[in-house]
Amino acid sequence: MIEVIGVSQRFDTQRGEIHALDRIDLEVHENEFVTLVGRSGCGKSTLLRIISGLIRPTVGAVRVAGEQVARPRRDVSVMFQRPALLPWRNVRKNVLLPVEMLGLDKRQYTDRAQALIELAGLAGFEEKLPHELSGGMQQRVSLVRSLIQRPKVLLMDEPFSALDALTREEMSVELQRVVAEESTTIVFVTHSIDEAVLLADRVVVLSPRPGRLERIVDVPIPRPRTLGHNAHADQVSAISAELHDLLQPAPQVAT
Ligand SMILES: Nc1ncnc2c1ncn2[C@@H]1O[C@H](COP(=O)(O)OP(=O)(O)O)[C@@H](O)[C@H]1O
Ligand SMILES: [Mg+2]
């Protein structure tokens, strides 16, 4: 579904050139859930922006559903750390915003909006304004909004990292439930190893800047996955430990 082919990214800044990504090759299959982890500044957000078509890579190319990405596509949704809801629109109207912006027939999406709102645990809140909701609920609205037009691909950039730890865990469990009902290919950026392992079919580890593809770790744990004590706890901790080791800073060489 997504092919990243030899992507490198350099930024010219006042303080010189920043080499953000170096020769990334990655394939994400249809309906796959891939998480992207790496230290701060290793180029995770940049890679997501390149896949979404918001920026063109300095070198290389991205294909989505077989077509080269040159600009944002309507079948690729992006969800960011902050919910970015319109404060004067209620939940239902925020959810239907992409439908309006893409000029789709609103009547065809009203039932879907309601079904997704209920699936995301927002029933009864349809008429509420964003400021009347908790951070976690706002992020659920944002999730529902990014799914409304049935995107083929959903790109998520640390979507839960502004939430408190418990809400965050709850959201990860719930996200699995919501997307299980959809056929969406997902790339999810996080710096939480727990989140990465809970959610992913495969975890892609990037090295520190310039971001290179360090390792791809399979997570062959059956779904639905839960937190805390469960039958796969040993497997989860083995994979988490491997990721911890991969994300350790390289030992400093004395000079
Ligand atoms: N538009 C830009 N202009 C200049 N430098 C940028 C730009 N976007 C990102 N960078 C730099 O590229 C590197 C990677 O950034 P980013 O992709 O945001 O990392 P991450 O999301 O992994 O923390 C950082 O050093 C960042 O400062
Ligand atoms: Mg980032």
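Attention here is on the structure that accompanies the text. (Residues numbered from 1 in each chain as written. Chains lettered and ligands numbered in written order. Predicted model: local features only at pLDDT ≥ 70, side-chain atom pairs only at ≥ 80, totals over all residues. Heavy atoms only, no water.)

**Some remarks on the sheet that holds strand β6 (residues 76-79)**
Within the open sheet, the six strands sit side by side as β6-β7-β8-β3-β9-β10. Their pairing is mixed. One side of each edge strand has no neighbouring strand; the edge strands of this open sheet are β6 and β10 (213-218). Taking the axes of each pair of neighbouring strands and ignoring which way they run, one obtains an average angle of 15 degrees across the sheet. Judged from the four bridges that link them, β6 and strand β7 (residues 153-157) form a sheet pairing that is parallel. Across the sheet, M79 pairs through a bridge with M156, a residue of β7. Each of β6 and β7 is contacted by helix α5 (residues 135-147), which is oriented at about 170 degrees to β6, the strand it contacts most. (Pairing = 2+ DSSP bridges. Helix = DSSP H or I, 4+ residues; strand = E, 2+ residues; numbered from the N terminus. Axes fitted to C-alpha atoms, helices over the stretch in contact; angles between N-to-C directions. Contact = heavy atoms within 4.5 Å.)

**Considering the side chain of R145**
When you line up the elements, R145 lands in helix α5. Engagement of the side chain of R145 in a polar contact is seen with the backbone oxygen of P83, the distance being 3.2 Å. R145 has contacts with P83, A84, L85, L86, N94, V95, L97 and P98, leaving out every residue within four places of it along the chain. (Polar contact = N/O pair within 3.5 Å; in protein donor to acceptor, adjacent residues only side chain to side chain.)

**Some thoughts on the environment of G136**
Among the secondary structure elements, G136 is positioned in helix α5. With 96 residues separating them in the primary sequence, G136 and S40 have C-alpha atoms 23 Å apart.

**A short note on the sheet that holds strand β4 (residues 59-64)**
The strand order across the open sheet built from four strands is β2-β1-β4-β5, with neighbouring strands paired in antiparallel fashion. This sheet does not close on itself; its edge strands, each paired only once, are β2 (16-28) and β5 (67-68). Of the pairings in the sheet, the one linking β4 to β5 comprises two bridges and is antiparallel in character. Counterpart to V64 in the pairing with β5 is E67. In the packing of helix α1 (residues 44-52) onto the sheet, the strands contacted are β1 (2-13), β2 and β4, and the crossing angle to β1 comes to about 120 degrees.

**Structural notes on the site of ligand 1**
As a structural note, the neighbourhood of ligand 1 is formed by 13 residues, with G41, K44, S45, T46 and R209 the closest of them. Contact distances for ligand 1 include 2.7 Å between an oxygen atom and a backbone N or O atom of G41. Backbone polar atom of C42 to an oxygen atom of ligand 1: 3.2 Å apart, as the coordinates give it. Within the complex, 65% of the 560 Å² of free accessible area of ligand 1 lies under protein. The set of elements that each furnish at least two residues to the shell around ligand 1 consists of β1, β2 and α1. Ranked by residue count, the leading element in the shell around ligand 1 is α1, at three residues. (Near = heavy atom within 4 Å. Areas by Shrake-Rupley, 256 points an atom, 1.4 Å probe, with all protein chains shown as cover.)

**Comments concerning helix α8 (residues 233-247)**
Taking 1.5 Å per residue as the helical rise, α8 with its 15 residues ought to reach 21 Å, and the 21 Å between its terminal C-alpha atoms agrees with that figure. Within α8, burial applies to I239, S240, L243, L246 and L247. Projected down its long axis, α8 shows its buried positions confined to an angular sector of 120 degrees, all on one face. Facing away from the buried side of α8 by over 90 degrees, the exposed positions are D234 and D245. Buried positions along α8 lie against β3 (33-37), α7 (193-199), β9 (202-206) and β10. (Expected span 1.5 Å × (residues − 1). Buried < 20%, exposed > 50% of the residue type's maximum accessible area, 1.4 Å probe, protein only. Arc of directions from axis to C-beta.)

**As for the nonpolar core**
Core analysis: the largest hydrophobic core is formed by 32 residues, its most contacted members being V95, L143, I148, M156, L175 and F188. For this core, the secondary-structure elements that each account for two or more residues are α2 (91-95), α4 (107-119), α5, β7, α6 (165-180) and β8 (185-189). Discounting residues that sit within four places of it in the chain, L143 has contacts with M79, L154, M156, L175 and V178. Within the second largest apolar cluster, 25 residues are counted, among which are L48, I50, I51 and V64. (Core = buried A, V, L, I, M, F, W, Y, C linked by side-chain atoms within 4.5 Å.)

**What to know about the pattern of salt bridges**
Within this structure, the stated rule accounts for 19 salt bridges. A salt bridge links D22 to R212; the nearest nitrogen and oxygen atoms lie 2.6 Å apart. Here R212 lies in the loop between β9 and β10 and D22 lies in strand β2, a separation of 190 residues in the sequence. Residue classification places D22 among the buried residues on the basis of a relative accessible area of 6%. (Salt bridge = Lys/Arg side-chain N within 4 Å of Asp/Glu carboxyl O.)

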